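# Structural overview for review
The primary structure of each chain is shown beneath.
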Amino acid sequence: MAALLEVKELKAFYGQTQSLYDIGFDIPLGGITTLLGANGAGKTTTLRAICNMIRTEGTVRFDGKEIGGMATEEIVRLSIAHVPEGRGTFTSLTVDENLRVAAYTRKDKPAVRADLERILGYFPILKERLQQQAGTLSGGEQQMLAIARALMLKPRLMLLDEPSFGLAPLIVQEIFRIMRRINIEEKVSMLLVEQNAALALDLASHAYVLETGKIVMSGPSSVVKSDENIRKSYLGY
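Description of the structure in this document. (Residues numbered from 1 in each chain as written. Predicted model: local features only at pLDDT ≥ 70, side-chain atom pairs only at ≥ 80, totals over all residues. Heavy atoms only, no water.)

### Brief notes about the packing of aromatic side chains
According to the stated counting rule, one finds one aromatic pair in the structure shown. Judged by centre distance (5.6 Å) and plane angle (50°), the ring pair of F25 and Y208 falls under tilted. Taken together, the residues span a long stretch of sequence, with F25 in strand 2 (residues 17-28) and Y208 in strand 9 (residues 206-211) at a distance of 183 residues. With a relative accessible area of 3%, F25 lands in the buried category. In this arrangement the basic side chain of R55 is found over the ring face of F13, its NZ or CZ atom lying 4.2 Å from the centre. Its guanidinium or amino end placed over the ring of Y21, K214 lies 5.6 Å from that ring's centre, counting from NZ or CZ. (Phe/Tyr/Trp six-rings, centres within 6.5 Å; stacked < 30°, edge-to-face > 60°. Helix = DSSP H or I, 4+ residues; strand = E, 2+ residues; numbered from the N terminus. Buried < 20%, exposed > 50% of the residue type's maximum accessible area, 1.4 Å probe, protein only. Lys NZ or Arg CZ within 6 Å of the ring centre and 35° of its normal.)

### Examining the pairing of strand 4 (residues 55-62)
One ladder, built from seven bridges, connects strand 1 (residues 3-14) with strand 4; its direction is antiparallel. From the neighbouring strand, L5 faces strand 4, where its bridge partner is F62. Two strands pair when backbone bridges link them, and strand 4 and strand 5 (residues 65-66) are joined in this way by two bridges, in the antiparallel orientation. Across the sheet, R61 pairs through a bridge with E66, a residue of strand 5. Between strand 4 and the antiparallel strand that follows it, strand 5, lie two residues; D63 among them carries a positive phi value of about 55°. (Pairing = 2+ DSSP bridges.)

### Quick word on the pattern of salt bridges
Enumeration over the complete set of coordinates arrives at 12 salt bridges. With its nearest N and O atoms 3.1 Å apart, the salt bridge here joins R129 to E141. Here the residue R129 occupies a position in the loop between helix 5 (124-128) and helix 6 (139-151), and E141 occupies one in helix 6, the gap between them amounting to 12 residues. Taking relative accessible area as the criterion, R129 reaches 23% and is therefore assigned partly exposed. Residue E185 pairs with R181 through a salt bridge whose shortest N-O separation is 3.1 Å. (Salt bridge = Lys/Arg side-chain N within 4 Å of Asp/Glu carboxyl O.)

### Describing the layout of surface pockets
In this model, the largest pocket occupies a volume close to 620 Å³. Taken together, 26 residues line the largest pocket, and the ones lying closest to its centre are V76, H82, A102, Y104 and L153. Secondary-structure elements contributing two or more residues to the lining of the largest pocket are helix 2 (72-77), strand 6 (80-83), helix 3 (95-102) and helix 6. Along the lines of polarity and charge, the residues of the lining of the largest pocket split into 15 nonpolar, five polar and six charged. There is about 180 Å³ of room inside the second largest pocket. Taken together, 13 residues make up the lining of the second largest pocket; nearest its centre are N39, G40, K43, T44 and E162. The element that contributes the greatest number of residues to the lining of the second largest pocket is helix 1 (residues 43-50), accounting for three residues. Its residues assigned to classes, the lining of the second largest pocket shows four nonpolar, six polar and three charged. (1 Å grid on protein atoms, 1.4 Å probe; cavity = no way out; pocket = protein on both sides within 12 Å on 5 of 7 lines; lining within 4 Å. Points joined across faces, edges and corners; volume = space filled by probe spheres on them. Nonpolar A, V, L, I, M, F, W, Y, C, P; charged D, E, K, R; others polar.)

Rendered as structure tokens:
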């Protein structure tokens, strides 16, 4: 399968402190890949590095094009949507306003309206809450809104940072079910950072395990999931 995103020898820095050490991985077109590891392993840093939100060195290619030196907003315009940890919704705006803000750069207004209706089909609870202030939504509803808002960008690649964080198990299962639907029906590739390794391995087809800023192993999710030594040593379950 062709690679949509290619990362090679990627280093990342916070000031003078190096956080990633020559990591490399591919995201296949239409696939779901997960980055696993303990807190502080470098998972969130990797997503920020792809979007050039921190100082980096190395190679990042999207659809064959080098994006490492681009500004973050330019990278977003290439159809890469980042759903950050903590959701990042505009709490003082309504659900409807949050979704429309995400599409403000788009000129195809009829298509925006059609996309909004289609995306709300994945999240019927948001359709009921369109005029509700985002800050009054439950945690699960805010996570759904963050994913829906990213979809309004018409992404080819979604970077998802801890979508299960702080949510009840039943809500997490529903969100991951929707993410699978989006991947299949919208043909959106995904790079998933997730603390819940078992859940991520069920969703993704390929996994990379990070430890202190380095990739220590990778393989098909089924192989990673079945390897007891890997699970005990790196995934904590």
